[in-house]
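Given next are the chains, with one letter for each unit.
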Amino acid sequence: MTEATDKQWEELIAHGQLVEKQHLADFFAEDSERFNKMHRQFGPLMYDFSKQRMTAQTLRHLIDLADAHDLQGWIDRLFSGEEVNCTEGRAAMHWALRLPADAKCQVGEDNVTAQVHGQLQQMERIVDQIHAGQWRGATGEVITDVINIGVGGSDLGPLMVTEALNDFTCPTKHRLNVHFASTIDGSQLSQLLRDKKPQSTLFVISSKSFTTIDTLTNAATALQWLQRSFGKRASSSILHCHFIGVSASPHKMTEWGITEKNQLDFWGWVGGRYSLWSAIGLPIALKIGMHGFRRLLAGAHDMDEHFKATPWEDNLPVLMGMIGVWNTNILDINALSILPYDGRLKQLPLYLEQLEMESNGKSITRDGEPVGRSTCPIIWGDVGPNAQHAFYQLLHQGTEAVTCDFIVPVRRYHEAQHHESAGELAAQHQLSLANCLAQSRLLALGDAALKNAEEMPLYMRYRGNQSSSTVLLDELNPYTLGALIALYEHKVFVQSVIWGINPFDQWGVEMGKKLAMSTLAKIRGEDSSLDDTDVSTAGLLRRIKAEWKS
Amino acid sequence: MYIDVYGDTLCALVSAAGLASSGHNVSLHVPEGPAATTLANGGCPYREPGLDELVTEQTIAGRFKLAADGAPPDERAAIIWLALSPTDIDLAFEIIGKLPTESGRSWVVVNQSTFPVGTTEALERALGELPGSESTQRVAASLPDLLIEGAAVKSFTAANHWLLGCDSPWGKRMVAEALRPYNRRRDNIMMMRPREAEFTKLAITGMLATRLSFMNDMANLADMLDVDIERVRQGVGKDPRIGDSYLYPGCGFGGLSFSQDVMNLASTLKHSGIQAQLLDQVLRINERQKESLFRKLWRYYSTDLQGKKVAIWGVAFKPESARIDNAPALKLIEALWAQGVQVHVHDPRALPALAEWAGDRRDLVLHKDPYAALVDVDALMLVTEWDAYMSPDLSHMKATMKQPLLLDGRNIWDPDFMKQNGFEYFGIGRR
């Protein structure tokens, strides 16, 4: 903390003490121009923050705070390939994955654009072959099912995007289905293996390090399933025909047995939760084709350029990030709910949980000191209309302050494949839009949104003053989704700058994996001592071991 | 009677020549294409016993003549006979649209083409839209093509039976009169509605396709169980309830009449979501069967074909044809290309069609001499059973090929004899 930042924080806190006394309904009553002043448009995205508990003055304070924290300097460092991931000593260049082919990007010795587009071509070769029905299994059958085995960033991003863009499925010569298996216990994999044919199933093993135990154990199960069907002698054919590897560690892939021409590489400077833009996005490209995948990249790239070059007051990621800081640090709102009003975005809350909480769920600054303020809030969510029947009760009448992000496309169901029932479905989407606007309005205004509310008993009344932002997409397509995801990525970066933390490492998830290995030895009886654990763990282990013995 | 026949199919030529042989005056209108060229030069585009002679004979007699391109029907004609290719459905409507309608001419359109069920009725509606229809007879009748290849002329002039689909008494009389010379011993015209006649043709084709796909399914099992499908085929065919036709296993059937389009019933049915489930499966099995030789090669070379050379003998969808519509060889060639294989092809007649389909490619070489296609190849695939391939010069073959590997897609060679001559042999359901 410098004197300049201290000063800005003090001013912001003092300002906050005035603002937090006011109810959102009062802000709206006072200023009929509030929406006009407090929304921004970038391309097909509209960001409306007029239902946030803030004023125009707040925005000026937040901008000053961003400047005091040298946000511009950090953006420059991010986009010049500096080692912004200080604890792991590397750059974070997910933005480079979406550079157009003619962009110049030289980092040290490396022509990064050329590397990136080289891998895109490699990906295209594989995608084309599968789409043409010419990727063959060991017996020569056409591959019709692709199972992506990966976890964390190698699962959540591709899964979220393939589900979201299902309407943009690329036509292929033979039917092609893309599936995901992630959990270490094999739950999804066992289900899939039950009804897939080994002859026509291809596995994509995705792991940045290619050492992730969850992924490798699922991969081993897949390999054994194929070997049972084809016989062990066919091992080289199985590896040749049924496995693609995606990793930043080619030699680990080779060690596992992935054929060299079936390897897709990416680089250390791509963080796992930022990797859907790399070859990790192979399932996305299989679903929507390379053309669709490139549109996704283009949407994200345009957001990158917007983030780099737009003044803070019109800069979507900066506004979103700084409003988050305001909610967390000044208004003490420690929960953010992600509420897409579009069933195709069902996985988006899960995706953003990882992106935000794994990035900014930290309490040690870049200088190695404990942080002085709260960092990342708790994030959760679900498809809005379904969540209305679940946790909205707490949002409306609970005791916790929660801020919400409403995300909804304006247009839907005008694509050709919905032609026949387009009318009915469009009416359904209108209903969804209506619910979205009604909920954010009621959350903000409370009783003020209703007629004669004061005549109602207390348990039927609405406190209101729950803040929210709304992101309106013209429509959900590869381009807008790319821009939306990049918006959240950069929002996370903005907040990390203000909080002084490194958003690109995840040391908090390391030790648990190691402890699990020593615990496994105890469960399997390879290590019989239980005294070196705690009494709770020892008690649980005794119960488990008793069951496994019988 | 004066009859104008339209089409370049075998059926068109047989019907035209057959009708002429019993005294009708026939004008044959042939759409532009290789068949038209051959006929214009005095040749016969189809090899069928007796057909060439019949055409020549009737031409000399003056009852069979080729109509000029775009010429209207003979002014004395009342019968328009359509024997078009299954893909030429638009042409059928075009022909009807151009029929002369002056002085209240009546027309009966006899449709022998294999179009989706309901097309003949649609043709009749088109006829009804012509000027002057209120005061004249304008009728379409379905008379499905039931020719048996190899005995095509005989199956017209001495037909076992005819299926005539027609709703109009006048139309029935007209067609029956045209067919009277071939219908003398007993009445062998079965009357039904147009869509019933069309559907019967579809059911016949579907049943034949089902037998083939069934045998291919059996052949694939035979491969696994070390059973020789040839002996099985003969045993099954001896059963009088089954009979021995259309039981030959092979690497899939092609041609237009077996295509998905033809097998689709009227488009109204398609939209209602009703499908012929078995037929759908039959065609699916067939598409898969077309790649059976590829799968054998793929496994033989342990899933790595990069840089290999493979010869294909026969790409026409059946012997004696220059056409490659839905031919199994096309799927094979695409599969081989995708694995980096250079393909060398010989076919007595279908090379021009193949060259047009493939365009200019470095991984496709066409050969006029079957043995030239074998130079340094890693395998030979026999795909179309032309007579000339039945007893090839084995020592020449063996000396020419790099790897003496034979993949016989039509089971025309004897496995043991080939092995004695130093070849590795894989057939369909036998080795």
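Residues numbered from 1 in each chain as written. Chains lettered and ligands numbered in written order. Predicted model: local features only at pLDDT ≥ 70, side-chain atom pairs only at ≥ 80, totals over all residues.

**A short note on the overall build of chain B**
- Of the regular secondary structure elements, chain B holds 17 helices and 14 strands.
- At 24 Å, chain B has a C-alpha radius of gyration in line with the 22 Å of a compact globule built from 431 residues.
- Principal-axis analysis of the C-alpha atoms places the extent of chain B at approximately 75 × 45 × 40 Å.
- In chain B, buried positions account for 44% of the 431 residues.
- Once local pairs closer than 6 in sequence are excluded, the contacts in chain B between residues at least 24 apart make up 72%. (Helix = DSSP H or I, 4+ residues; strand = E, 2+ residues; numbered from the N terminus. Rg over C-alpha atoms; globule rule 2.2 N^0.38 Å. Buried ≥ 20, exposed ≤ 12 C-beta atoms within 10 Å, placed from the backbone. Contact = placed C-beta atoms within 7 Å.)

**Notes on the overall build of chain A**
- A count of helices and strands for chain A gives 20 helices and 13 strands.
- The C-alpha atoms of chain A give 25 Å as radius of gyration, which agrees with the globular expectation for 550 residues (24 Å, within 12%).
- Projected onto the principal axes, the alpha-carbon positions of chain A cover approximately 80 × 65 × 60 Å.
- Burial status across chain A gives 46% buried among its 550 residues.
- For chain A, the proportion of contacts with a sequence separation of at least 24, taken over those separated by at least 6, is 74%.

**Overview of the nonpolar core**
- One finds F203, L282, A285 and M322 of chain A to be the most contacted residues of the largest nonpolar core, which totals 145 residues.
- Sorting elements by how many residues they give to this core places helix α18 (residues 478–499) of chain A first, with 14 residues.
- Both of domain 1 (3–68 + 310–415 + 433–453 + 467–499) and domain 2 (96–286) of chain A provide at least three residues apiece to this core.
- Judged by nonpolar contacts, the second largest core, of 58 residues, contains I229, A379, L382 and M418 of chain B. (Core = buried A, V, L, I, M, F, W, Y, C linked by C-beta atoms within 7 Å. Domains from an automatic or database assignment.)

**Considerations on the interface of chain B and chain A**
- Chain B puts nine residues into the contact, and the matching count from chain A is 10 residues.
- Per-element tally for the side of chain B that touches chain A: the top contributor is helix α13 (residues 292–300) of chain B, with four residues.
- Here the residues of the side of chain B that touches chain A are counted per class, giving four nonpolar, two polar and three charged. (Nonpolar A, V, L, I, M, F, W, Y, C, P; charged D, E, K, R; others polar.)

**Topic: the sheet that holds strand β9 (residues 263–265) of chain A**
Residues and elements named next belong to chain A.
- With respect to topology, five strands assemble into an open sheet ordered β6-β5-β7-β8-β9, the strand pairing being parallel. Only two strands of the sheet have a single partner each, and these edge strands are β6 (177–181) and β9. On average, each strand axis in the sheet is tilted by 20° relative to the strand beside it, whichever way the strands run.
- Pairing of strand β5 (residues 145–149) with strand β7 (residues 201–206), which is carried by five bridges, proceeds in the parallel orientation. Directly across from V146, in β7, lies its bridge partner L202.
- Packed on one face of the sheet, helix α8 (residues 187–195) meets β5 and β6 and runs near 145° to β6. (Pairing = 2+ DSSP bridges. Axes fitted to C-alpha atoms, helices over the stretch in contact; angles between N-to-C directions.)

**Thoughts on the sheet that holds strand β10 (residues 335–340) of chain A**
Residues and elements named next belong to chain A.
- Strand order in the open sheet formed by six strands is β1-β2-β13-β12-β10-β11, with mixed pairing between adjacent strands. Every interior strand has two partners, whereas the edge strands, β1 (39–42) and β11 (378–381), have only one. Averaged over all pairs of adjacent strands, the angle between strand axes in this sheet comes to 15°, irrespective of strand direction.
- Direction of pairing for β1 relative to strand β2 (residues 45–48): antiparallel, over a ladder of four bridges. Within β2, the position partnered with R40 by the bridge is Y47.
- Where helix α13 (residues 316–330) meets the sheet, it contacts β1, β2, β12 (403–409) and β13 (468–473), and its direction lies at approximately 25° from that of β2.

**Topic: the domain arrangement of chain A**
- Segmentation of chain A into domains returns domain 1 (3–68 + 310–415 + 433–453 + 467–499), domain 2 (96–286) and domain 3 (511–549).
- For domain 1 of chain A and domain 3 of chain A, the distance between their C-alpha centres works out to 43 Å.

**So, the packing of helix α1 (residues 10–21) of chain B against helix α3 (residues 51–61) of chain B**
Residue and element names in this part refer to chain B.
- Relative orientation of the contacting elements α1 and α3 amounts to 50°, with a least axis distance of 9 Å. One element, α1, and the other, α3, form an angle in the oblique class. Seen from above, α1 lies across α3 with left-handed handedness. Between α1 and α3, the contacting residues are L13, V14, A17, A20 and S21 on the first element and L51, L54, V55 and Q58 on the second.
- Among the residues forming the contact of α1 with α3, the class breakdown is seven nonpolar, two polar and no charged. (Parallel < 35°, antiparallel > 145°, perpendicular 65-115°, else oblique. Left-handed = near helix turned anticlockwise from the far one by under 90°.)

**Remarks on α13 of chain B**
Residues and elements named next belong to chain B.
- Of all the nine residues making up α13, seven are buried; the element is thus mostly covered by neighbouring parts of the structure.
- Those residues of α13 hidden inside the fold are in contact with α12 (277–289), β9 (309–313), α14 (328–338), β12 (379–382), β13 (405–408) and β14 (424–426).
- Immediately downstream of α13, the backbone of S302 shows phi near 50°, a positive value.

**A few points about the domain arrangement of chain B**
- Split by domain assignment, chain B resolves into domain 1 (2–192) and domain 2 (251–426).
- Centre-to-centre separation of domain 1 of chain B and domain 2 of chain B, based on C-alpha positions: 34 Å.

**Comments concerning unusual backbone geometry**
Residue and element names in this part refer to chain B.
- One non-glycine residue, E320, adopts positive backbone phi at about 70°.
- Along the chain, E320 turns up in the loop between β9 and α14.
- Phi at N411 takes a positive value of approximately 50°, unusual for a residue other than glycine.
- Here N411 lies in the loop between β13 and α17 (415–420).

**Regarding the environment of V175 of chain B**
- The topology assignment puts V175 of chain B in helix α7 (residues 169–179).
- A C-alpha to C-alpha distance of 9.4 Å links V175 of chain B and V109 of chain B, two positions 66 residues apart in sequence.

**Overview of the pairing of β2 of chain A**
Residue and element names in this part refer to chain A.
- Residues of β2 alternate between two faces, with L45 and Y47 buried on one and M46 and D48 left unburied on the opposite face.
- Looking at chain direction, β2 and β13 are connected through four bridges and run antiparallel. Of the residues in β13, the one forming a bridge with Y47 is V471.

**Brief notes about α7 of chain B**
All names here are of chain B.
- Along α7, the positions that sit buried rather than exposed are G171, M174, V175, A178 and L179. Projection of α7 onto a plane perpendicular to its axis shows the buried side chains occupying an angular sector of 130°, all on one side. Counted as exposed and oriented over 90 degrees from the buried face of α7: P169, W170, R173 and E177. (Arc of directions from axis to C-beta.)

**Examining the environment of L283 of chain B**
All names here are of chain B.
- Mapping L283 onto the fold places it in helix α12.
- By C-beta crowding, L283 is classed as buried, having 21 other C-beta atoms within 10 Å.
- In this structure the C-alpha to C-alpha distance between L283 and A209, which are 74 residues apart in sequence, comes to 7.8 Å.

**Let's talk about the confidence of the model for chain B**
- Residues at a pLDDT of 70 or more form 97% of chain B, whose mean pLDDT is 91.
- Across the predicted assembly, pTM comes out at 0.89 and ipTM at 0.85. (pLDDT = per-residue confidence, 0-100.)

**Some details on the environment of M397 of chain B**
All names here are of chain B.
- Looking at the element boundaries, M397 is found in helix α16 (residues 394–400).
- By the C-beta count within 10 Å, which is 21 here, M397 ends up buried.
- A sequence separation of 37 residues divides M397 from D360, and the C-alpha atoms of the two residues are 28 Å apart.
- With residues near it in sequence (within four places) discarded, M397 still touches Y371, L374 and P392.

**Let's talk about the packing of helix α9 (residues 213–230) of chain A against helix α10 (residues 235–242) of chain A**
All names here are of chain A.
- Contact geometry for α9 and α10: axes closest at 10 Å, N-to-C directions at 125°. In terms of orientation, α9 and α10 fall into the oblique class. The interaxial crossing formed by α9 with α10 has right-handed handedness. Facing L223, L226, Q227 and F230 of α9, the residues of α10 in contact are S235, I238 and H242.
- Residues of the contact of α9 with α10, tallied by class, amount to four nonpolar, three polar and no charged.

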